[in-house]
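# Topology and contacts: notes
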Amino acid sequence: MSLAFLIFLVAWMVGMVATFVPVLPATLIIFLGALGATLLDGFQVWPDLPFLLTFGALTILIGFVDNLASAWGARRYGGSKQAVWGALIGGLAGLFIPFGLIVGPLAGALLAELLVVRKNLPDALRSAWGTLVGLLTGLGAKLILHLLMGIYELWRLWEPARSVVGA
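This one's a predicted model, so the numbers in the text were calculated from it and none came from an experiment.

### Overview of the pattern of salt bridges
A side chain of one charge can pair with a side chain of the opposite charge when the charged atoms of the two come close. A full pass over the atoms with the stated rule returns 3 salt bridges. For Asp48, the salt bridge goes to Arg156, with nearest N and O atoms at 2.8 Å. Highlighted residues: Asp48 in helix H3 (residues 45–76) and Arg156 in helix H6 (residues 121–157), separated in sequence by 108 residues. Residue Arg156 pairs with Glu153 through a salt bridge whose shortest N-O separation is 2.8 Å. In this pair, Arg156 and Glu153 are both assigned in helix H6, 3 residues apart and thus about one turn of the helix distant.

Pasting the structure below:
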């Protein structure tokens with residue numbers, strides 16, 4: 001097991017945990033781990049440059065996935081922009097309570113709809129639910145993409161895999 005493999009493994013594990021913490025840039029942590037591991041492993045223009053460019057593009061794309069999923073959920077169920085912001089703030093506050101990653105966004109979106117937008121309770125509940133569905137959809141998509149990125153990079157850095165592909 002090489003040092004590059006271990007460095008990426010640690011960065012990937014941190015990134016996977018950070019996936020569940022809204023304020024931490026999980027995808028960027030994973031990308032920087034891949035970049036560091038690639039440079040430490042002896043960067044070669046081919047195949048490392050296309051790999052890093054692809055991972056960089058995925059990093060940017062994953063950032064959009066999270067935001068688009070939240071907006072989709074909010075809009076799909078009649079939520080407002082304030083509900084999305086309430087869900088994000090509630091998610092941050094939820095870090096400090098049990099089941100906060102679910103309860104926080106739901107409560108934040110609901111409070112935003114009730115107190116800021118002044119919707120009635122059934123409409124506020126519906127849009128808060130939609131915001132939560134969007135946030136969880138985005139989280140699920142990010143988790144799957146982070147998992148796939150990590151598995152691919154670990155396979156790429158793993159010595160026995162190199163002998164199979166002739167690298």
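### Comments concerning the nonpolar core
Of all hydrophobic cores here, the largest spans 16 residues; its most connected members are Phe8, Trp12, Phe55 and Leu157. Those elements that place two or more of their residues in this core are helix H1 (3–18), helix H2 (26–40), H3 and H6. Sort the elements by how many residues they give to this core and H1 lands first, with 5 residues.

### What about the packing of aromatic side chains?
Within the structure shown, the criterion is met by 3 aromatic pairs. On the basis of an interplanar angle of 45 degrees and a centroid distance of 4.4 Å, the ring pair of Phe51 and Phe55 is categorised as tilted. Taken together, the positions of Phe51 and Phe55, both in helix H3 and 4 residues apart, correspond to about one turn of that helix. When sorted by exposure, Phe51 lands in the same class as Phe55, which is buried. Consider the rings of Tyr152 and Trp155, whose centres lie 6.4 Å apart with planes at 40 degrees: the pair is tilted. With Tyr152 and Trp155 both in helix H6, this residue pair falls 3 residues apart, about one helical turn. Sitting over the face of the ring of Tyr77, Arg76 holds its NZ or CZ atom 5.8 Å from the ring centroid. Geometry around Phe51 places Arg156 over its ring, the cationic atom sitting 3.7 Å from the centre.

Rules of the game
- Residues numbered from 1 in each chain as written.
- Predicted model: local features only at pLDDT ≥ 70, side-chain atom pairs only at ≥ 80, totals over all residues.
- Heavy atoms only, no water.
- Salt bridge = Lys/Arg side-chain N within 4 Å of Asp/Glu carboxyl O.
- Helix = DSSP H or I, 4+ residues; strand = E, 2+ residues; numbered from the N terminus.
- Core = buried A, V, L, I, M, F, W, Y, C linked by side-chain atoms within 4.5 Å.
- Buried < 20%, exposed > 50% of the residue type's maximum accessible area, 1.4 Å probe, protein only.
- Phe/Tyr/Trp six-rings, centres within 6.5 Å; stacked < 30°, edge-to-face > 60°.
- Lys NZ or Arg CZ within 6 Å of the ring centre and 35° of its normal.

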